[in-house]
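Structure assessment
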Amino acid sequence: MNASDQPEGPWAEALRMFARNPSAIAGMLMLSVVLLVTLAGPWLVGADPFEIIAAPMTPPFSDEAILGTDYLGRDVLTTLVYGGRATLLVGAVAALLSVSIGITLGALAGYYGGRVDAVLMRVTEFFQVLPALLFAMVVVTLFSPTLLTITLAIGIVSWTGTARLTRAEFMKYRNLEFVRAERAIGASHARILWRVILPNALPPLIVSATLAIGSAILFEAGLSFLGLGDQNRMSWGLMIGASRQYVLSCWWAVAFPGAAIFVTVLAVSLIGDGLNDALNPKLRER
Amino acid sequence: MLKLVASRLVQGLALVLAVVVLNFVLVHAAPGDPVETIAGASGGMDEKLQAELRAQYGLDRPLPVQLGIYLGKVARGDLGYSYFFNLPVSSLIGERVPATLALVLTSVLAAFLTGTTLGVLSSRRPNGALSQTINVLSLVGFSAPVFWLGMLLVILLASVFPVFPVSGMRNIASDGRGVADVIDVLYHLVLPAFTLGLVYLAQYSRLSRAAMLDVLGADYIRTARAKGLSERKVFYKHALRNAVLPVVTILGLQFGNVLAGAIVVETVFNWPGLGRLAYESVLRRDYPTILGVLLFSSVVVIVMNQLTDLCYRLIDPRIKTT
């Protein structure tokens, strides 16, 4: 059933397009480096990112600390390694959550239409109207800031875009011939929704999911920057927020973790753009 | 048209009601209460005083009763008293709105004007240098955390070119009056507005460029060219008008997000606006203020959405009133 089983199906073609896109490859490389550093990092640096290893505000490229230490004497490089783990974990899981909610609700609304659509769209509107960051701040503060609540909060406030996109895609497909044919041979709604329409609607959704990872990472960084993240888990945003008052005397504790966020999100966006070009050939000229 | 406005109004009110109820239930369902926080902040408080405070704030009543009382008050425009400032929430919000409005309007308008200009100019040469610059700019704008960009600017401007003030809205010695004060505030506004504007600049330039390229490929442009109109006229009169539509829509719809961005930027630059009030109230568990700000910003988003929608219908008559 799946198009990818055929030797030169659209998916294989998309893969080839993607592999020939220099900026997409650059994004993949950057992301690989980030993943490698965060995964293999613990064997390269100290075991505890909160540990004080040298004099406070040791500048970068010194003997004690390659990237310097922060205002308490904590190693910035160790922060990068361990902070990346929290940030990437929250970003990936929150994006997965937001995309799952968005695809489910959007698919149901677009496929069934009518009253289901009206109710689900009201719900979507409701979440669009809530100020996302503020609402997530409230949720996280009120229900103790742990990785779990942060992930849930980000997922809950950020699914509306995906839902609208999915809805539009499902509306487009629901009355096409191949879907009607499935219905005529007595396929269940569940089968038509998830096995017939979803694979066809997937390309734009994959792109949107990739971009969702980037936004979730930025969202997490923003929350921890504001000091609303998990205070017991080192993260990039936490380090920047903590060093905020000392930014003029110790710029490296702000610049490096921020650069790490930037590089990671940039990598994800480049991959997203590459996927967009590969999967949505109609838009290629742009 | 009138019927449309009326039904939109009802929908908007229903949304506001839903926002108020959900936020209220959420805030009160959370473990711990503001009295504990106040007690903690004042270094311990005996049980009796805590109970008295709870009674005073109405926190000892059943939740549905509290909700009913709150809804009744909100309907009358009373958002309650801030636990922390002991001032009416509505006047607290009113005090902070001008600062945020100045920040958000300046950055959004500047970003909109520069962004569309760049986007439109670059669409004349889709693969030219300006187009590439916009690609890079929009990638950076999307990928770099706002607070990081802001702090890099602080580092750069405070140590290398100490030109603009990096914190606050007024000079400490300012008396807050007259033309001198306006200049002082504008001077302090430069960096925060620039930071917030960068992100939107990236989006607007990219969006308007895509919209222009889209429109320039349309049949009616070919027609306009075929009938011998000057390239200038085709470009600025026929194409630009249509390409600006989606950008205007996004401008309106994003107003809510701009408020969210304002929280972070106001924190970085100590800008005394609504975003910082919200942030500090969350830290203080100042429930009435949190609820008030959430309600206020939701109402702003709803109003902006509806206005955008109505404007869009006015600009583009093809969209039928349904």
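Remember, predicted model here, so these are calculated numbers, not experimental data.

This part covers the overall build of chain B. If you tally the helices and strands in chain B, you get 13 helices and zero strands. With respect to the three principal axes, the spread of C-alpha positions in chain B is 85 × 60 × 40 Å. Expressed as a percentage of its 322 residues, the buried residues of chain B come to 36%. Considering only intrachain contacts with a sequence separation of at least 6, the fraction spanning at least 24 residues in chain B is 72%.

Of regular secondary structure, chain A possesses eleven helices and zero strands. Beginning at the N terminus, the succession of helices and strands in chain A can be written as α-α-α-α-α-α-α-α-α-α-α. Expressed as lengths along the three principal axes of its C-alpha atoms, the size of chain A is roughly 75 × 45 × 30 Å. Counting only residues that meet the buried cut, chain A has 49% of its 286 residues in that class. Considering only residue pairs separated by 6 or more positions, chain A has 70% of its internal contacts joining residues 24 or more positions apart.

With 36 residues of chain B in contact, the opposing surface of chain A contributes 33 residues. Among the elements that make up the side of chain B that touches chain A, the one with the highest residue count is helix H7 (residues 146-160) of chain B (eight residues). For the side of chain B that touches chain A, the per-class residue count stands at 30 nonpolar, six polar and no charged.

Let us look at the environment of Leu15(B). Mapped onto the elements of the fold, Leu15(B) is located in helix H1 (residues 2-29). Classification of Leu15(B) as buried rests on a count of 21 C-beta atoms within 10 Å. Counting along the chain gives 126 residues from Leu15(B) to Gly141(B), while the straight-line C-alpha distance between them is 32 Å. Residue contacts for Leu15(B): discarding those within four places in its chain leaves Glu125(A), Phe126(A), Val129(A) and Ile302(B).

Another point: the confidence of the model for chain A. For chain A, mean pLDDT is 87; residues scoring 70 or higher make up 95% of the total. The least confident element of chain A is helix H1 (residues 10-19) of chain A, whose mean pLDDT is 83; the most confident is helix H6 (residues 147-157) of chain A, at 93.

Attention shifts here to unusual backbone geometry. In this model, Ser144(A) sits at a positive phi of 35°, which is unusual for a non-glycine residue. Phi is positive for Asn86(B), close to 55°, though the residue is something other than glycine. Following the sequence through the fold, Asn86(B) ends up in the loop between helix H4 (63-75) and helix H5 (89-122). C-beta crowding within 10 Å serves as the criterion here: with 7 such atoms nearby, Asn86(B) is assigned to the exposed category.

Attention now moves to helix H4 (residues 114-129) of chain A. Helical periodicity: at 3.6 residues per turn, an α-helix aligns residues three or four positions apart in one direction. Compared with an ideal rise of 1.5 Å per residue, which puts 16 residues at 22 Å, H4(A) spans 22 Å between its outermost C-alpha atoms and is within 8% of the ideal. Among all positions in H4(A), only Leu120(A), Thr124(A), Gln128(A) and Val129(A) are buried.

Next up on the list: the nonpolar core. Soluble globular proteins tend to pack their nonpolar side chains together in the buried interior. Residues Leu134(A), Phe135(A), Ala136(A), Met137(A) and Val293(B) are the most contacted members of the largest nonpolar core, which totals 155 residues. The element that contributes the greatest number of residues to this core is helix H9 (residues 189-225) of chain A, accounting for 17 residues. Dropping the residues within four chain positions of it, Val293(B) is found in contact with Leu134(A), Ile93(B), Leu274(B), Leu277(B), Ala278(B) and Ser281(B).

Residues and elements named next belong to chain A. Close contact between H9 and helix H11 (residues 252-279) brings their axes to 8 Å; oriented N to C, the two are set at 170°. As judged from the angle between their axes, H9 and H11 are roughly antiparallel. Mapping the contact onto sequence places Pro203, Ile206, Val207, Thr210, Leu211, Ile213, Gly214, Ile217, Leu218 and Ala221 in H9 and Ile261, Thr264, Val265, Val268, Ser269, Ile271, Gly272, Leu275, Asn276 and Leu279 in H11. Each residue belonging to the contact of H9 with H11 can be placed in one class, and the counts come to 14 nonpolar, six polar and no charged.

Parameters and conventions
- Residues numbered from 1 in each chain as written.
- Chains lettered and ligands numbered in written order.
- Predicted model: local features only at pLDDT ≥ 70, side-chain atom pairs only at ≥ 80, totals over all residues.
- Helix = DSSP H or I, 4+ residues; strand = E, 2+ residues; numbered from the N terminus.
- Buried ≥ 20, exposed ≤ 12 C-beta atoms within 10 Å, placed from the backbone.
- Contact = placed C-beta atoms within 7 Å.
- Nonpolar A, V, L, I, M, F, W, Y, C, P; charged D, E, K, R; others polar.
- pLDDT = per-residue confidence, 0-100.
- Expected span 1.5 Å × (residues − 1).
- Core = buried A, V, L, I, M, F, W, Y, C linked by C-beta atoms within 7 Å.
- Axes fitted to C-alpha atoms, helices over the stretch in contact; angles between N-to-C directions.
- Parallel < 35°, antiparallel > 145°, perpendicular 65-115°, else oblique.

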